[in-house]
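Coordinate inspection notes
What follows is each chain in one-letter form.
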Amino acid sequence: MTRRRFLGTSLGAAAAWPLARAAAALPRRALPLFPDPRIGWRGESSLAASLRAGWVPRASPAAAPRPAERSLAQRFPDAPRHFVFEYYPWYGEGYRHWDQWDRVPPHDIAANHVPALGPYDSLSFAVLEQHARWILEAGAGAVNLSWWGPGSYEDQAVGRVMDVMHAHGIKVTFHLEPYRNDRSRYYVDDVLYLLRAYGERRRFDAFLLLADEDGVASPVLKSFRTILPPEVEDCLGVRYPVPDYTEDSFWARELERLRLVLRADFPRLRLLADTLNLPHAVAGGFDGVAVYDNFVPPGDYRGYAAEASRLGLLYSFNANPGFDTIEPRDVGNDPCYAPTPFAPPAEGLEWRTEQGRARAAALARSRITESLLATVSVQSDLALGNAARGFFLVYLTSFNEWHEGHAFEPMKDYAALSPEEKALGYHNPANGHDRLQALRALIAAALVSVPTPPPPDGGFPPEGGL
């Protein structure tokens, strides 16, 4: 299964207009989309759950842009480490995770694209070494590991991932997943476990401590499914309680307790929630928001950044190629089922033609450019909160979440697919390194260029320009 099955055809349009207008059109499925930690499935995100519950995000009008006068490389000595790949160490022997939704590897895998390395084992040193080289090639300096609790498969992979990444000068941080419905009660212990097991015991050789512009470094951790509604409604109008809902006041008490424990070691601690429900993020005691969802249109980043700034929150909007999610082959009797749309929105894509695959690749490059330029712009604007506080962080979504189809990790060139793979209709483009190459050029330019404000019409500079 993929992360979020909430996406229906109407959500493809959400990438083309503001979320406030798209919220009313969100589909409600026949069954609630709650996570199932037993199989490593998160359910829908905080943002999607809130939208499906009827909440509409608020964006503020931003003041006239005042771009920073120095480049990112001048502002941050460790600038590449402020570009962080979402990274998944959950693939394993026996085609673990490649066989989801009744796929039958090695040819039939749980993805719309075949990786250049095939259906690999995340613990393979050869795979990890190649991943590290590609991450450096892209210009990034850190990865954000999907983490499913102490003792989980992903937890057991951390040491090996850190060893290889450290050898290449790449830092590691964590994305805390909803590994149990009451995980909020274990959140403080989980953060302390991560800092002690993978920071302190290793003398912080590989743990990402992100420095602000004033040079003060701190851990930065992101959490999935934190700010949730207490109940949601399915497509038949039946309301269900959300099993992993946590009240804001509980989050606030726990996060304050965590800060008290760590105060002597870290005067700052950056805890980010995956939501645009900004007042609740404030009430829950989070330092900021980091939206994972690739359906948020980059044109909206500035309005949400302005609202976050008004409320005193940090913000991190991702750079992404959109999404191209796998579908279940058996949808059962779900009367609300609709296939997940490709994003950015595209009508009539024909995957079995060279022209259709080329068009999809071009749309992905366009989204990479638009989203990266948008997030660099709103984080380099002195009229907004991040630049004023000397904070900068871009999540790259993702390096290898193959189920959702937004991996920057190189895939096979279409011509290199086997006859069996071509018969299954994979979406691989002619150039399987296309996304990584586009990202590399954009990050290289972002590091050395002094940002310019967006054009008055809200558009973006030509590709590659900042």
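Here, every reference points to the structure presented above.
Observations concerning the overall build of the chain
Secondary structure assignment for the chain yields 14 helices and 11 strands. Across the 466 residues of the chain, 61% fall into the buried class. Summarising the internal contacts of the chain: among those between residues at least 6 apart in sequence, 76% fall at separations of at least 24. Of the roughly 17000 Å² of accessible surface on the chain, 53% is carried by carbon and sulfur atoms.

What about empty space enclosed by the protein?
Evaluation of the coordinates by the stated rule reveals 4 cavities of 30 Å³ or more. Counted as a void, the largest cavity has a volume near 140 Å³. Around the largest cavity sit 18 residues that line it, and H113, A361, M411, P429 and R435 are the ones nearest its centre. Counting only elements with at least two residues in the lining of the largest cavity, the list comes to helix 11 (354–379) and helix 14 (434–448).

Remarks on unusual backbone geometry
Along the chain, P105 connects to P106 via a cis peptide bond; the corresponding omega equals 15°. Residue S398 follows T397 across a cis peptide bond; omega there is 5°. Tracing the sequence through the fold places S398 in the loop between strand 11 (394–396) and helix 13 (419–423). Phi is positive for R203, which is not a glycine, with a value near 60°. Among the residues examined, R203 registers a relative accessible area of 77% and is labelled exposed. Although it is not a glycine, R225 adopts a positive phi angle of roughly 55°. Within the secondary structure, R225 is located in the loop between strand 5 (217–223) and strand 6 (231–233).

Let's talk about the packing of helix 11 against helix 14
When two helices pack together, their arrangement is given by the angle between the helix axes and the distance between those axes. At a minimum axis distance of 10 Å, the contact between helix 11 and helix 14 shows a crossing angle of 25°. Here helix 14 runs roughly parallel to helix 11, going by the angle between their axes. Seen from above, helix 11 lies across helix 14 with right-handed handedness. Along its contact with helix 11, which presents A361, A364, R365, I368, T369, L372, L373 and V376, the element helix 14 presents D434, R435, A438, L439, L442, I443 and A446.

Regarding the side chain of R225
A relative accessible area of 2% means that R225 is categorised as buried. Of note is the side chain of R225, whose polar atom sits 2.7 Å from the side chain of D244.

What about the nonpolar core?
Among the nonpolar cores identified, the biggest contains 79 residues, and F83, F85 and F174 are the most heavily contacted of them. V296, Y315, F317 and V378 belong to the second largest nonpolar core, which has 22 residues in total.

Topic: the pairing of strand 10 (residues 314–317)
Taking every second residue as pointing to the same face, both faces of strand 10 are buried, with L314 and S316 on one and Y315 and F317 on the other. Where strand 9 (residues 288–291) lies against strand 10, 4 bridges are found, and the strand directions are parallel. Each residue of the ladder has a partner; that of V289, found in strand 10, is Y315. With helix 10 (residues 301–310) bridging strand 9 and its parallel neighbour strand 10, the resulting β-α-β unit is right-handed.

Overview of the packing of aromatic side chains
As enumerated under the stated definition, the model contains 23 aromatic pairs in all. Plain terms: the ring middles of W98 and Y120 are 5.3 Å apart, the flat faces sit at 80° to each other, and that makes the pair edge-to-face. Taken together, the residues W98 in the loop between strand 1 (83–87) and helix 5 (125–138) and Y120 in the loop between strand 1 and helix 5 connect sequence positions 22 residues apart. Residue class for Y120 comes out buried when judged on its relative accessible area of 4%. Taken together through their ring pairs, the aromatic side chains of W147, F174, Y179, Y193, Y198, F204, F207 and F266 make up a single cluster. A cation over an aromatic ring shows up here: R357 above the ring of Y414, its NZ or CZ 3.5 Å from the ring centre.

Remarks on the environment of T226
Along the chain, T226 turns up in the loop between strand 5 and strand 6. Looking at T226, the relative accessible area reads 0%, which means it is buried. Through-space distance from the C-alpha of T226 to that of G284 is 9.0 Å; in sequence the pair is 58 residues apart. Once residues within four sequence positions are removed from consideration, T226 is found in contact with S46, R183, W251, A273, D274 and F286.

Cut-offs used in this document
For every chain, the first residue of the written sequence is number 1, and numbering continues from 1 onward in sequence order. Per-residue local features of the predicted model are confined to residues with pLDDT of at least 70, and side-chain atom pairs are confined, for both listing and counting, to 80 or more; whole-chain, interface and lining totals are unaffected and use all residues. Derived side-chain values reflect all non-hydrogen atoms in the structure, with water molecules and hydrogen atoms excluded from consideration. Numbering of helices and strands runs from the N terminus, with a helix taken as a DSSP run of H or I at least four residues long and a strand as a DSSP run of E at least two residues long. Each residue gets one of three labels from its accessible area relative to the maximum for its type: buried under 20%, exposed over 50%, partly exposed in between, using a 1.4 Å probe on protein chains only. Between two residues, a contact is recorded if the distance between any of their heavy atoms is within 4.5 Å. Methods summary: accessible areas were calculated by the Shrake-Rupley approach with a probe of 1.4 Å, and residue burial reflects only the protein chains presented. A cavity here means a set of 1 Å grid points, computed over protein atoms only, where a 1.4 Å probe fits but cannot escape. A pocket is an open set with protein on both sides within 12 Å along at least 5 of 7 lines, and lining residues have an atom within 4 Å of a point. Grid points are joined across faces, edges and corners, and a volume is the space filled by probe spheres set on the points. Lines fitted to the C-alpha atoms define the axes, with helices restricted to the stretch that makes contact. Angles between their N-to-C directions range from 0 to 180 degrees. Any angle that is under 35 degrees is reported as roughly parallel, and any over 145 degrees as roughly antiparallel; angles of 65 to 115 degrees are reported as roughly perpendicular and all others as oblique. Crossing handedness: left-handed means the near helix sits turned counterclockwise from the far one by under a right angle, and right-handed means the same turn made clockwise. Any N or O atom pair separated by 3.5 Å or less is treated as a polar contact, with the protein-specific requirement of one donor-capable and one acceptor-capable atom, and with residues adjacent in sequence counted only for side-chain atom pairs. To qualify as a nonpolar core, a set must consist of buried Ala, Val, Leu, Ile, Met, Phe, Trp, Tyr and Cys residues joined through side-chain atoms within 4.5 Å. Only strands joined by at least two bridges in the DSSP assignment are considered to pair. Handedness of a crossover is defined as follows: orient the strands so they point away from the viewer, and if the path from the first strand over the helix to the second runs clockwise, the crossover is right-handed. Each aromatic pair joins two rings of Phe, Tyr and Trp (for Trp, the six-membered one) with centres within 6.5 Å, and gets the label stacked for planes under 30 degrees apart, edge-to-face for over 60, and tilted for any other angle. Cation placement over rings: the criterion is NZ of Lys or CZ of Arg within 6 Å of the ring centroid and within 35° of the ring normal.

Fair warning: the whole summary comes from geometry, so function is off the table for now.
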